[in-house]
Amino acid sequence: MEAQEEVIRDPCGYVTVPPSVVVRVTGTGRNDINGLLGIVVSFNVERERYLVHMTRSQSTMALKKEHLSKASIMESYRAQSEQLRNDARVREKMSKYLNLCRQFVAPMKLSHVVGGVLVLITSLVVTVGFLKTMMTTSLIALIATIASPDASSGPQAIVNNFPERARTVIEKQIPILRGKLTNRLALGVILMLVALCAQSLVHSGAKTDSYKPRRSFSKKPVIDMAMLERYYSLGYEDAAKGRQHGSSLAGDIDKMKLVHTEEE
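Residues numbered from 1 in each chain as written. Predicted model: local features only at pLDDT ≥ 70, side-chain atom pairs only at ≥ 80, totals over all residues. Heavy atoms only, no water.

A.B. asks: I'd like a description of the pattern of salt bridges, backed by residues and values.
C.D. replies: Inspection of the entire model under this criterion finds seven salt bridges. A salt bridge links aspartate 32 to arginine 30; its shortest N-O distance comes to 2.9 Å. We classify arginine 30 as partly exposed; its relative accessible area is 43%. Among the charged side chains, a network of salt bridges with common partners joins Arg56, Arg78 and Glu82. (Salt bridge = Lys/Arg side-chain N within 4 Å of Asp/Glu carboxyl O. Buried < 20%, exposed > 50% of the residue type's maximum accessible area, 1.4 Å probe, protein only.)

A.B. asks: Summarise the packing of helix α4 (residues 110-128) against helix α5 (residues 130-147); cite the residues concerned and give the values.
C.D. replies: Axis separation between α4 and α5 bottoms out at 7 Å; the angle between their running directions is 140°. Viewed along their axes, α4 and α5 adopt a mutual orientation that is oblique. When the axes of α4 and α5 are compared, the crossing they make is right-handed. In contact with Ile121, Leu124, Val125 and Val128 of α4, α5 contributes Phe130, Lys132, Thr133, Thr136 and Thr137. Taken together, the residues of the contact of α4 with α5 sort by class into five nonpolar, three polar and one charged. (Axes fitted to C-alpha atoms, helices over the stretch in contact; angles between N-to-C directions. Helix = DSSP H or I, 4+ residues; strand = E, 2+ residues; numbered from the N terminus. Parallel < 35°, antiparallel > 145°, perpendicular 65-115°, else oblique. Left-handed = near helix turned anticlockwise from the far one by under 90°. Contact = heavy atoms within 4.5 Å. Nonpolar A, V, L, I, M, F, W, Y, C, P; charged D, E, K, R; others polar.)

A.B. asks: Provide a residue-level description of the packing of aromatic side chains, including the pertinent values.
C.D. replies: Inspection of the entire model under this criterion finds two aromatic pairs. Summarising the aromatic geometry, the rings of tyrosine 14 and tyrosine 50 are spaced 5.3 Å apart at their centres and angled 50° between planes, so their arrangement reads as tilted. Remark: tyrosine 50 occurs in strand β3 (residues 49-54) and tyrosine 14 occurs in the loop between α1 (2-9) and β1 (22-25); sequence separation between them is 36 residues. Among the aromatic residues, those joined into a ring-pair cluster are Tyr14, Phe43 and Tyr50. (Phe/Tyr/Trp six-rings, centres within 6.5 Å; stacked < 30°, edge-to-face > 60°.)

A.B. asks: With reference to specific residues and values, describe the sheet that holds strand β4 (residues 60-63).
C.D. replies: One open sheet holds the five strands; their spatial order is β4-β3-β2-β1-β5, and the pairing between them is antiparallel. Looking at the sheet topology across the chains shown, the edges are occupied by β4 and β5 (68-70). For this sheet the average axis-to-axis angle between neighbouring strands, irrespective of direction, equals 45°. Here helix α2 (residues 73-86) sits on the sheet in contact with β1, β2 (37-44) and β3, set at roughly 95° to β1. (Pairing = 2+ DSSP bridges.)

A.B. asks: Quick one: what's the story with the packing of helix α6 (residues 155-173) against helix α7 (residues 183-202), residue by residue and with numbers?
C.D. replies: Two numbers describe how α6 lies on α7: the axes approach to 8 Å, and their chain directions differ by 80°. One finds that α6 runs roughly perpendicular with respect to α7. Taking contact as the criterion, the partners of Phe162, Pro163, Glu164, Ala166, Arg167 and Ile170 in α6 are, on α7, Asn183, Ala186, Leu187, Val189 and Ile190. A per-class count over the contact of α6 with α7 returns eight nonpolar, one polar and two charged.

A.B. asks: How would you summarise the nonpolar core if you had to cite specific residues and measurements?
C.D. replies: Membership of the largest hydrophobic core comes to 14 residues, with the highest contact counts inside it found for Tyr14, Val23, Tyr50, Val52, Leu63 and Leu68. Counting residues per element, the ones that place at least two in this core are β1, β2, β3 and β4. Broken down by element, the residue count for this core peaks at three residues, all from β3. In terms of nonpolar packing, the next biggest core, distinct from the first, is built from eight residues, Phe162, Val169, Ala186 and Ile190 among them. (Core = buried A, V, L, I, M, F, W, Y, C linked by side-chain atoms within 4.5 Å.)

A.B. asks: Describe the pairing of β4, naming the residues involved and giving the relevant values.
C.D. replies: Along β4, the buried face is formed by Met61 and Leu63; none of Thr60 and Ala62, which line the opposite face, is buried. From the end of β3 to the start of β4, which pair antiparallel, there are five residues, and glutamine 58 there has a positive phi angle of about 60°.

A.B. asks: Mind laying out the pairing of β3, listing which residues take part and the relevant values?
C.D. replies: In the sheet, β2 pairs with β3 via six bridges, with the strands oriented antiparallel. Opposite phenylalanine 43, over in β3, you have tyrosine 50 as the bridge partner. Remark: four residues form the turn of the hairpin made by β2 and β3, two consecutive strands paired antiparallel; glutamate 48 in that turn has positive phi of roughly 55°.

Honestly, it's all geometry; don't read function into it.
As structure tokens, then:
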């Protein structure tokens, strides 16, 4: 009975919490919405229609299951991109963050700062490698996340509130530490990460005693045709006279040089 009720509430299995299933509208009588993408919010049992949040128009439509098909992976990415571009709340937050960044870098222009950061990251990749660059940028992003709420209040507010902000961010990222950290301990964790990152960057250019195999050169064999003919005739004489094979060479073994090698 419970399974039947679930099918009635969500016949296609599109409803999730939070809403995440992206669908494509198809086969309706309206050409203006056919092919558009949306995120399934819920299912109206009485009307037997899915409520779909359209990512382009940011409106909600009630559509029959026959007019919906599950979107492909690429379509899902496109729907998420449309949602970010068209959602007024996202635009408002992005505008807020941009204003904070402009205030933080003033009197410099934000575009100049971004360009400088990109040049710095590229230089780090070339100098210390990709992994250490990612470690450094991640640490910088962590510190920026901690300091950003007080960016508009000035440097003194950032310094005063940094330990508490650090504890909040760490507990949010690692829930198991919630209630177990003090402000001083959280500050110590951040300082330790900074010290480890700095040590890694300082020693990145140090030479390491790694094994480097020597380059080997293959030696090209050189065949002395005159010697080859002589040895052949000696072997023929041994066979013709019934002597043991190689007996003619026994006394002259040190002079046998069939293969010579070229010097490097």
